[in-house]
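These are the residues of each chain, in order.
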Amino acid sequence: MKRKAKVVADASVSEVVEKEVKEVKREWRQFLRFKDENRLLFASFIVVLTAIVVINTLYIVNYTNRGTDDGTVATQPNPNLVLTSLQTGTNHAVQARVSNVSENSKRDYAFTIDPSDTMLTMDISITNLTSVTQQVLPSNQLYVRSNEGDYAPLHPSMYLTNALAATDVQPGQTVKGQISFDVPQRVASPLLYVDTGWGGYAPLVFDVLH
């Protein structure tokens, strides 16, 4: 009788142990699955974050360096980037383009210049890219510099038929006119600065004779 009771007790213990082993195995499988899911979730997060960084980088690079060879648009985030007279420049607040650039050494009876100088004239268009009304003040915002250190402010000329006037410019509006500067003839590459100051951006700089 005692032997039979012992056999029954051993069987019960064996069943309990077997159940516990199965439970441990089930918990272990769940733990492994949880680790795998977390690993996949973390990997997905890294992939998405990397994609965002790459896309933003490509956008910034493309936006900053688009089109400078075909004369369409070239962004100019700093004054070290010099545009040619065939290009349109923009610094996100103002867009400007020059054309019909010429040097005139003829005598100006109304606004005389030194015989060693020349009158640099050109057409210019300025567009307000901001969302507020801005002022165009040619005598303050437009000037010429050279690599030799020369500085030439706006200078009137009797040969201008449509001088650019000071005016208010509405958002999206473009104003056009002619500008002129008294520049030494020895200056081979006069640089026009369109320094409106709108939005705090750097000036647009044009090598107008190239």
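How each quantity is defined
- Position numbers for residues start from 1 in each chain and track the written sequence from start to end.
- Local features in this predicted model are restricted to residues of pLDDT 70 or higher, and side-chain atom pairs are both shown and tallied only at a pLDDT of 80 or more, whereas totals for entire chains, interfaces and linings draw on every residue.
- Hydrogens and waters are ignored; side-chain quantities use all the structure's heavy atoms.
- Numbering of helices and strands starts at the N terminus; helices are DSSP runs of H or I of at least 4 residues and strands are runs of E of at least 2.
- A simple rule labels every residue: compare its accessible area, found with a 1.4 Å probe on the protein chains alone, to the largest value its type can have, and call it buried under 20%, exposed over 50%, or partly exposed in between.
- Contact definition: two residues touch when any of their heavy atoms are within 4.5 Å.
- For patch detection, residues must exceed 30% relative accessible area and be free of salt bridges, and they are connected within 9 Å for like charges or within 5 Å for nonpolar side chains (Val, Leu, Ile, Met, Phe, Trp, Tyr).
- Residue burial considers only the protein chains on display, and all accessible areas are found by Shrake-Rupley using a 1.4 Å probe.
- Definition used for salt bridges: Asp or Glu carboxyl oxygen within 4 Å of a side-chain nitrogen of Lys or Arg.
- pLDDT is defined as a per-residue confidence score from the predictor, taking values between 0 and 100.
- In this scheme, strands are said to pair when DSSP sees at least two bridges between them.
- Put simply, buried Ala, Val, Leu, Ile, Met, Phe, Trp, Tyr and Cys residues joined by side-chain atoms within 4.5 Å make one nonpolar core.

Q: Sorry if this is basic, but what is going on with the overall build of the protein here?
A: Broken down by element type, the protein carries 2 helices and 12 strands. For the protein, the sequential pattern of α-helices and β-strands runs α-β-β-β-β-β-β-α-β-β-β-β-β-β. Split into buried and exposed, the 210 residues of the protein put 32% on the buried side. A separation of at least 24 residues holds for 65% of the contacts in the protein among residues at least 6 apart in sequence.

Q: Explain the side chain of Gln141 to me, please; I cannot follow it from the model alone.
A: One can find Gln141 in helix α2 (residues 138-141). Residue contacts for Gln141: discarding those within four places in its chain leaves Gln135, Val136, Tyr193, Val194, Asp195, Thr196 and Trp198.

Q: Would you explain a nonpolar patch on the surface in this entry?
A: Taken together, the side chains of Tyr109, Phe111, Met158 and Tyr159 present a nonpolar region at the surface, about 420 Å² in accessible area. Following the sequence through the fold, Tyr159 ends up in the loop between β8 (151-153) and β9 (167-169).

Q: Sorry, what's going on with the confidence of the model for the protein here?
A: Any segment with low pLDDT has predicted coordinates that should not be analysed in fine detail. With 63% of its residues at a pLDDT of 70 or more, the protein has an overall mean of 79. For the protein, the element scoring lowest by mean pLDDT is strand β1 (residues 73-75), at 49; β9 scores highest, at 98. Contacts of residues 4-9 to residues separated by more than four positions or lying in other chains number 0 contacts, the stretch itself having pLDDT below 50. The model gives residues 57-73 a pLDDT under 50, and that stretch makes 23 contacts with residues more than four places away or in other chains.

Q: For this particular structure, what's the right way to read the environment of Val136?
A: Looking at the element boundaries, Val136 is found in strand β6 (residues 134-136). Sequence spacing of Val136 and Asp168 is 32 residues, and the spatial spacing of their C-alpha atoms is 6.2 Å. Leaving out residues up to four positions away in the same chain, Val136 has contacts with Ile126, Gln141, Leu164, Ala165, Ala166, Thr167, Val169, Val175 and Trp198.

Q: I tried to follow the sheet that holds β8 on my own but got confused; where do I start?
A: Backbone-to-backbone hydrogen bonds join strands into a sheet, with any given pair of strands oriented parallel or antiparallel. Strand order in the open sheet formed by 5 strands is β2-β12-β11-β7-β8, and the pairing between neighbours is mixed. Sheet topology places β2 (83-84) and β8 at the edges, where each strand pairs with a single neighbour.

Q: When you look at the nonpolar core in this model, what are you seeing that I'm missing?
A: Nonpolar side chains in soluble globular proteins tend to be buried together. Grouped together as the largest cluster of nonpolar side chains are 26 residues, with contacts concentrated most on Ile124, Leu192 and Phe206. Where this core is concerned, the elements lending two or more residues are β4 (94-104), β5 (117-128), β7 (142-145), β10 (174-184), β11 (191-194) and β12 (204-207). Ignoring sequence-local partners within four residues, the contact set of Phe206 consists of Val82, Leu83, Thr84, Gln87, Gly89, Ala96, Val98, Pro190, Leu191, Leu192 and Val194.

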